[in-house]
Amino acid sequence: MKSLSFADIISKFRASEFRDSLAQFVVRYCQPGLSQARIREQAEDLHLPFNRISVYHKAKFWLGDSEHHRLSSDEFDVVHAQCSYTNGHNKDIVARFDTAFINNGAGQFSGVQDIYLHCHTVIIFLTTFTFTGYHIAQIHVIFSLPKEAVALFPNNHLPPKYLAYVEWFSAYTHLINPHGFYKVTKSIHNNKRLASIIPLANICCSVHLLPRFGPVANPDWTSSNVLERCDTLYVNSFSDRHAYATIV
């Protein structure tokens, strides 16, 4: 865990809409009945009494399944939100921002049984969920608000401690033959990635996306930039048994 400025968050974590998304989250949380247009309008005038947040580089999820609700200590999933850095061996490590299933409010199961911090990693205990009611997003920042943020929330009605900045993909609408994968594309609003601040507990598990390569693979794509540069991706239902049971 480390404290980073908004400027560092935006530049290092590829989170260009972080400040606007955070202001909209505050307005939406305090006034849940407002339309999205009114939320954006009020967020433009909102003053945030801080410009730094505490950042975490991964969240770990212990998974159950539909037939075995008892959680297994050796079966877990991890979502990373890590900017590039140089490690102790002077080796450059590329940025990693994983994709995940997000409960959009209509998910059949909220998923979370417990959540806490351990060794700079946010730990979340889950049981099963269904494919319906979930969207896919890329996780760019996992963070918590500073104590100065209390002033933004009246009557001490505080949001969840752990939050995430995510950038959305489109809803998966139909299967693509012959492989049978769902197709998603990046969600764009006013020529910008559609982004949100969400409770970390809304993240259910990681999901693997495969790029649509076309006749020839783009030589400029790498594992660290393909999610930003590829416009169309497929949802891999064979990445692990939880993905298969959920999607198929």
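Figured I'd write up the structure that's included with this text. Quantities reported herein were computed from a predicted structural model and do not represent experimental measurements.

## Regarding the pattern of salt bridges
Within this structure, the stated rule accounts for five salt bridges. As a salt-bridge pair, E228 and R14 come within 3.3 Å of each other at their nearest N and O atoms. Here the residue E228 occupies a position in helix α4 (residues 226-229), and R14 occupies one in the loop between α1 (6-12) and α2 (18-30), the gap between them amounting to 214 residues. Look at E228 and you get partly exposed, because its relative accessible area is 25%. R38 is paired through a salt bridge with E41; the nearest N and O atoms lie 2.8 Å apart. Of the two residues, R38 and E41 both sit in helix α3 (residues 36-44), three residues apart, roughly one turn of that helix. Overall, R38 belongs to the partly exposed group, its relative accessible area being 36%.

## Considerations on the packing of aromatic side chains
As enumerated under the stated definition, the model contains ten aromatic pairs in all. The interplanar angle of 55 degrees and the centroid separation of 5.9 Å between the aromatic rings of F181 and F238 together place this pair among those described as tilted. Placement of the pair is F181 in strand β14 (residues 181-185) and F238 in the loop between β20 (232-235) and α5 (241-247), with a sequence separation of 57 residues. Under the relative-accessibility criterion, F181 is labelled buried at 10%. Three or more aromatic residues joined by ring pairs form one cluster here, namely F6, F18, F50, F143 and Y165. Residue placement shows R193 over the ring face of F169; its charged tip is 5.2 Å from the ring centre.

## Observations regarding the environment of E228
As for E228 and R14, which are separated by 214 residues in sequence, their C-alpha atoms are 9.8 Å apart. In terms of polar contacts, E228 uses its side chain to reach the side chain of R14, at 3.3 Å.

## A short note on the nonpolar core
Nonpolar side chains tend to gather and get buried jointly when the protein is soluble and globular. In this structure, I9, F18, I53, I139, V141 and I203 are the most contacted members of the largest nonpolar core, which totals 42 residues. Ranked by residue count, the leading element in this core is strand β12 (residues 162-168), at six residues. The residues touching I53, leaving out its near neighbours within four places in the chain, are K2, S3, L4, F6, I9, F18, V141, F143, S144 and P146.

## Observations regarding α2
The α-helix winds at 3.6 residues per turn, so residues separated by three or four positions along the chain end up facing the same way. Taking 1.5 Å of rise per residue, the 13 residues of α2 would be expected to cover 18 Å, and the 18 Å separating its terminal C-alpha atoms lies within 8% of that figure. On the buried face of α2, the contacting elements are α1, α3, β2 (52-56), β11 (134-144), β12 and β17 (195-199).

## Observations concerning the packing of α2 against α3
The geometry of α2 relative to α3 is characterised by a closest axis approach of 8 Å and an angle of 115 degrees between their N-to-C directions. As for the relative orientation of α2 and α3, their crossing is right-handed in sense. Of the residues in α3, those touching α2 at R19, A23, Q24, V27 and R28 are Q36, I39, R40, Q42 and A43. Its residues placed into classes, the contact of α2 with α3 shows four nonpolar, three polar and three charged.

Conventions adopted
- Residues numbered from 1 in each chain as written.
- Predicted model: local features only at pLDDT ≥ 70, side-chain atom pairs only at ≥ 80, totals over all residues.
- Heavy atoms only, no water.
- Salt bridge = Lys/Arg side-chain N within 4 Å of Asp/Glu carboxyl O.
- Helix = DSSP H or I, 4+ residues; strand = E, 2+ residues; numbered from the N terminus.
- Buried < 20%, exposed > 50% of the residue type's maximum accessible area, 1.4 Å probe, protein only.
- Phe/Tyr/Trp six-rings, centres within 6.5 Å; stacked < 30°, edge-to-face > 60°.
- Lys NZ or Arg CZ within 6 Å of the ring centre and 35° of its normal.
- Polar contact = N/O pair within 3.5 Å; in protein donor to acceptor, adjacent residues only side chain to side chain.
- Core = buried A, V, L, I, M, F, W, Y, C linked by side-chain atoms within 4.5 Å.
- Contact = heavy atoms within 4.5 Å.
- Expected span 1.5 Å × (residues − 1).
- Axes fitted to C-alpha atoms, helices over the stretch in contact; angles between N-to-C directions.
- Left-handed = near helix turned anticlockwise from the far one by under 90°.
- Nonpolar A, V, L, I, M, F, W, Y, C, P; charged D, E, K, R; others polar.

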